[in-house]
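Summary of the model geometry
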Amino acid sequence: MSVDSAVERALRLQVIDWVNQRAEENGGFLRREELLNFTVGGQKLPVIDYSRGIRNPADFASTLSIVSTVNGPYDDLESEDGLIHYAYRAGDPDGGDNRKLRNAYVTRDPIIFFRKEVANVYTPVAPAFVVGDDPSARTFLIAFDEALTLIPDPASMSNAQKEYAMRLARQRLHQPAFRTRIMVAYSSRCAVCQLKYSALLDAAHILPDSDERGVPTTDNGMALCKIHHVAYDREMLGITPDYVVKVSPQVLQDSDGPMLTHGLQEMHDRKLVVPKRAADRPNRDYLAERFEGFARAS
Ligand SMILES: [Zn+2]
């Protein structure tokens, strides 16, 4: 039996709000366990499927969520239109899973798109929208903004529209996914001071986004608290290629309250706390390049 469509929509929006709120509290992602155990009004409503990459609650007319399992930061970057090209589920193109995702396209019901790169860790983009259905390619097109539902033919967008969609994908999918990778690698702690409050942590780039080598891989990032992130970018604090924190002579000589003393000056000569996995640790060449800038400024 189906729930009333207004009820379904209200539930859907409630789930989306919860997902976004939990992701924010967690530092950008949710864990499998909490997604499976979500309840609303005392009733269990798993937000993802136990075993499949699509969640179609039995009494929902449209899909609630889809999961894209990727093997690295570039896995879904190859799309040149900023949209996710989501393959039909195997079997009957008009069968249950495909039918419910198609219904989300027809009704423009918002869905949740999860990017899963690390086991049990899901980075959400919500709401997301199914904006196209291409039976010949057996794919649905997924976009990250409601505005893209207004484009008559998303399969053949103008260059300006593609640029817009690409920018959205960067902001709403690729940057959050980078943040998740960094937070997981650093166990959500600042690499300089070990502060553990996700809300106060950033995924800092070593080589900036604007640099063509400024790739969104973990070896080009560090989890830094807000203070240490800005201090690093303003060259008040440097990190040597050997993972030692240096504080600029100007800052070391200054005197002020406890934040300066404990938060900055005492970090001088501390060892950076890096991820366990060697491949996740900061690239020493990138650090050396940034450290040259710091040494020049000091
Ligand atoms: Zn810090």
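In the annotation of an unreviewed UniProt entry, the protein is listed under the name Putative restriction endonuclease and assigned to Flavimobilis soli.

Things to note about helix H3 (residues 96–107)
Helix length check: H3 (12 residues) gives 16 Å between terminal C-alpha atoms against 16 Å at 1.5 Å per residue, within 8%. Among the residues of H3, those classed as buried are Asp97, Asn98, Lys100, Leu101, Arg102 and Ala104. Contact partners of the buried residues in H3: strand E4 (54–55), strand E5 (65–69), strand E6 (84–87), strand E7 (111–118), strand E8 (121–134) and strand E9 (139–143). Looking one or two places after H3, you find Arg108, whose phi comes out positive at around 65 degrees.

A word on the coordination of the zinc ion
Tetrahedral coordination by four donors puts the ideal angle at the metal at 109.5 degrees, and octahedral coordination by six puts it at 90 or 180 degrees. Distances from the zinc ion to its protein donors, Cys190 (SG), Cys193 (SG), Cys225 (SG) and His228 (ND1), fall at 2.1 to 2.4 Å. Classification of the site at the zinc ion as tetrahedral follows from its 4 donor atoms and the range of 92 to 118 degrees in their angles at the metal.

Description of the UniProt feature "domain: HNH nuclease" (unreviewed entry) in the protein
Per the UniProt record, the feature "domain: HNH nuclease" (unreviewed entry) sits at residues 190–239. Span residues 190–239 is 16% helix and 26% strand, its end C-alpha atoms 13 Å apart.

A few points about the side chain of His228
In this fold, His228 is placed in helix H5 (residues 226–233). On the basis of relative accessible area, His228 is assigned to the buried category, the value being 3%. Contact partners of His228, with chain neighbours within four places excluded, come to Cys190, Val192, Cys193, Leu237, Gly263, Leu264 and Met267.

Brief notes about the environment of Pro176
For Pro176, the position within the fold is in helix H4 (residues 159–185). Taking the C-alpha atoms as reference points, Pro176 and Ala279, 103 residues apart in sequence, are found 20 Å from one another. Not counting the four nearest positions on each side in its chain, Pro176 is found in contact with Thr123, Arg170 and Gln171.

Digging into the nonpolar core
In terms of nonpolar packing, the biggest core is built from 33 residues, with Val192, Met222, Leu224, Tyr232, Leu237, Ile239 and Leu272 touching the most fellow members. Mapped by element, the contributors of at least two residues to this core are H4, strand E10 (201–205), strand E11 (221–225), H5, strand E12 (237–239), strand E13 (245–247), helix H7 (258–264) and helix H8 (284–297). Composition of this core by domain shows at least three residues from each of domain 1 (5–183) and domain 2 (188–297). Ignoring sequence-local partners within four residues, the contact set of Leu272 consists of Ala191, Val192, Met222, Ile239, Tyr243, Val245 and Pro282. If you look at the next biggest cluster of nonpolar residues, it comprises 21 residues, including Leu30, Val40, Phe60 and Phe114.

Conventions we followed
- Throughout this document, residue positions are counted from 1 along each chain, in the order its sequence is written.
- Local features are withheld for residues below a pLDDT of 70 in this predicted model, meaning they are given only at 70 or higher, and side-chain atom pairs are given and counted only at 80 or more; totals for whole chains, interfaces and linings count all residues.
- Just so you know, side-chain values use all the structure's heavy atoms and leave hydrogens and water out.
- By the criteria applied, helices consist of DSSP H or I runs no shorter than four residues and strands consist of E runs no shorter than two, each listed in order from the N terminus.
- In a helix, the anticipated span is given by 1.5 Å times the number of residues less one.
- For every residue, the accessible area (1.4 Å probe, protein chains only) is compared with the maximum for its type, and the residue is labelled buried under 20%, exposed over 50%, or partly exposed between those bounds.
- The contact criterion used throughout is that any non-hydrogen atoms of two residues lie within 4.5 Å.
- Counted as donors are N, O and S atoms no farther than 2.8 Å from the metal, or 3.2 Å for Na, K and Ca; water is not among the atoms, and sites may therefore look incomplete.
- Key to geometry: four donors with every angle between 85 and 135 degrees are tetrahedral; four donors are square planar and six octahedral where opposite donors lie over 155 degrees apart and all remaining angles lie between 65 and 115; all other sites are irregular.
- UniProt positions are given in the numbering used here, feature names are shortened, and annotations may be inferred rather than shown by experiment.
- The term nonpolar core refers to a set of buried residues drawn from Ala, Val, Leu, Ile, Met, Phe, Trp, Tyr and Cys, joined through side-chain atoms within 4.5 Å.
- Domain extents, as shown, originate in an automatic or database domain assignment.

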